[in-house]
Amino acid sequence: MTLTVTSLASGSSGNALLVRSGDTALLVDCGLPLRTIGRALTRADVNPAQLRAILLTHEHGDHTLSAGPMARRYGIPVVANRPTLAALAQDLEGALVQELATGAAVTIAGFGVCSFPVPHDAAEPVGYTISAGRWCVGVATDLGHWNDTIVEGLTPADLVVIEANHDQEKLWRAPYVEAVKHRIYSPTGHLDNVAAGRLLARLGSDGRRRSAWLAHLSQEANSPQIAEQVVRGVLALAGVRYLGVAALPRRAPLHWSSDMHGEQLSLFD
Ligand SMILES: [Zn+2]
Ligand SMILES: [Zn+2]
């Protein structure tokens, strides 16, 4: 069974991750305008009718913009915990919803889905792991800091999608008002590159081979080059091998396939 993951968009201007296995697919977050996400799905060769659920991490608009319209138009259930659904009650009016309590596990169209709590300034934000057969993708974007629960949550993942929002020095020089900088920096804000690297180093300390995508990069206070360089530096210092790192583009798609993962791994042997 092949698991395929495509990042459709990542960052404060919109987030959507497509997870596929066989003919079925899920979206994690739906934070693009309806037409944009429609085009991105077409480019990824997916018909919206193949989507069996839209999983939401939290209610912020960059993750939920078109969740309601997509769900209503195509009859796709929106899956989230009760506080997130309550925060989006108006947007989701008339849409199918399925409650998934934080920490619970469910099977959706053959995918094993589990959620775990993350610290962020939303009603009850979560990360997810999604499994198909022996393969698993783990997602944790929008988290102010990391802890053992998040490490445990992400441990089964072959592909880890983790926030590397900002470079701390660049953040303080960025053209944001002070209150925004403090919000981003706070323990319920966004994860910086070094913290993302340390989380990956902790995950990688079990010696398991994984791929990592750095997500939700700040346009003003980060760049793909800086994020990758810092995270790779932290991993090298920690002596972690076997962890391939790539920063996600803001809008261009990036693909991962469990088939490719197997080939990449053979290079390490
Ligand atoms: Zn966000
Ligand atoms: Zn957020």
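Up top is the structure.
Residues numbered from 1 in each chain as written. Chains lettered and ligands numbered in written order. Predicted model: local features only at pLDDT ≥ 70, side-chain atom pairs only at ≥ 80, totals over all residues. Heavy atoms only, no water.

K.L.:
Mind laying out the coordination of the zinc ion (ligand 1), listing which residues take part and the relevant values?
P.N.:
Around the zinc ion (ligand 1), the donor atoms from the protein are Asp62 (OD), His63 (NE2), Asp142 (OD) and His216 (NE2), and they sit 2.1 to 2.3 Å away. Around the zinc ion (ligand 1), the four donor atoms are arranged such that angles at the metal cover 84 to 159 degrees; this shape is classified as irregular. Donor residues binding the zinc ion (ligand 1) come from one chain and are separated in sequence as D-H-x78-D-x73-H. A separation of 3.6 Å is found between the zinc ion (ligand 1) and the zinc ion (ligand 2), both of which receive a donor from Asp142. Of this pair, His63 sits in helix α2 (residues 61–64) while His216 sits in the loop between β12 (210–215) and α9 (224–237), and the two are 153 residues apart along the sequence. The exposure classification of His63 matches that of His216, with both residues buried. (Donors = N, O, S within 2.8 Å, 3.2 Å for Na, K, Ca; no water. Tetrahedral: all angles 85-135°; square planar, octahedral: opposite > 155°, others 65-115°. Helix = DSSP H or I, 4+ residues; strand = E, 2+ residues; numbered from the N terminus. Buried < 20%, exposed > 50% of the residue type's maximum accessible area, 1.4 Å probe, protein only.)

K.L.:
Lay out the pairing of strand β3 (residues 24–28) in plain terms, naming residues and giving numbers.
P.N.:
In terms of residue burial, β3 counts as a mostly covered element, since five of its five residues are buried. Residues of β3 alternate between two faces, with Thr24, Leu26 and Val28 on one and Ala25 and Leu27 on the opposite face, all of them buried. What sits between strand β2 (residues 16–21) and β3 in their antiparallel hairpin is a turn of two residues, with Gly22 showing a positive phi close to 60 degrees. As judged from the four bridges shared by β3 and strand β4 (residues 51–55), these two strands associate in the parallel manner. When the bridges of β4 are listed, Leu27 appears paired with Ile54. Taken together, β3, helix α1 (residues 34–43) and β4 form a β-α-β motif whose crossover is right-handed. (Pairing = 2+ DSSP bridges. Right-handed = clockwise from strand over helix to strand, strands pointing away.)

K.L.:
So what's going on with the coordination of the zinc ion (ligand 2)? Which residues, and what values?
P.N.:
At this site the zinc ion (ligand 2) is bound by His58 (NE2), His60 (ND1), His120 (NE2) and Asp142 (OD), with donor distances of 2.2 to 2.3 Å. Bound by four donor atoms, the zinc ion (ligand 2) shows angles of 85 to 168 degrees at the metal and therefore irregular coordination geometry. Mapping the donors of the zinc ion (ligand 2) onto the primary sequence gives the spacing H-x1-H-x59-H-x21-D. The exposure class of Asp142 is buried, given its relative accessible area of 1%.

K.L.:
Outline the packing of α1 against helix α3 (residues 67–74), listing residues and values.
P.N.:
Closest axis-to-axis distance for the α1/α3 pair is 9 Å, and the angle between their directions is 65 degrees. As α1 packs across α3, the resulting crossing turns out to be right-handed. Of the residues in α3, those touching α1 at Leu34, Ile37 and Leu41 are Pro69, Met70 and Arg73. Here the residues of the contact of α1 with α3 sort into five nonpolar, no polar and one charged. (Axes fitted to C-alpha atoms, helices over the stretch in contact; angles between N-to-C directions. Left-handed = near helix turned anticlockwise from the far one by under 90°. Contact = heavy atoms within 4.5 Å. Nonpolar A, V, L, I, M, F, W, Y, C, P; charged D, E, K, R; others polar.)

K.L.:
Any chance you could break down the sheet that holds β4 for me, citing the residues and the numbers?
P.N.:
Spatially, seven strands are ordered β6-β5-β4-β3-β2-β1-β14 in an open sheet, and the strand pairing comes out mixed. Looking at the sheet topology across the chains shown, the edges are occupied by β6 (97–99) and β14 (254–257). Direction aside, the axes of adjacent strands within the sheet are offset by 20 degrees on average. Strands β1 (4–9), β2, β3 and β4 of the sheet are contacted by α1, whose axis makes an angle of about 145 degrees with β1. Strands in contact with α3 are β3, β4 and β5 (78–80); relative to β4, the strand with the most contacts, it is inclined by about 160 degrees.

K.L.:
Explain the environment of Leu200 to me, using residue names and the numbers behind them.
P.N.:
Following the sequence through the fold, Leu200 ends up in helix α8 (residues 193–204). Taking the C-alpha atoms as reference points, Leu200 and Val231, 31 residues apart in sequence, are found 8.2 Å from one another. Other than its neighbours up to four places away in sequence, Leu200 contacts Val160, Ile162, Ala212, Leu214, Val231, Leu235 and Leu243.

K.L.:
Give a detailed account of the pairing of β4, specifying residues and quantitative values.
P.N.:
β4 sits mainly inside the fold: four of its five residues count as buried. Bridging between β4 and β5 involves two bridges; their strand directions are parallel. Residue pairing for β5: Leu55 is matched across the bridge by Val79.

K.L.:
Provide a residue-level description of the nonpolar core, including the pertinent values.
P.N.:
Ranked by size, the top nonpolar core spans 29 residues in total, and within it Leu154, Ile162, Leu199, Leu200, Leu214 and Leu235 carry the most contacts. Counting residues per element, the ones that place at least two in this core are β10 (135–140), α5 (148–154), β11 (159–163), α8, β12, α9 and β13 (243–247). With six residues, the top contributor of residues to this core is α8. (Core = buried A, V, L, I, M, F, W, Y, C linked by side-chain atoms within 4.5 Å.)

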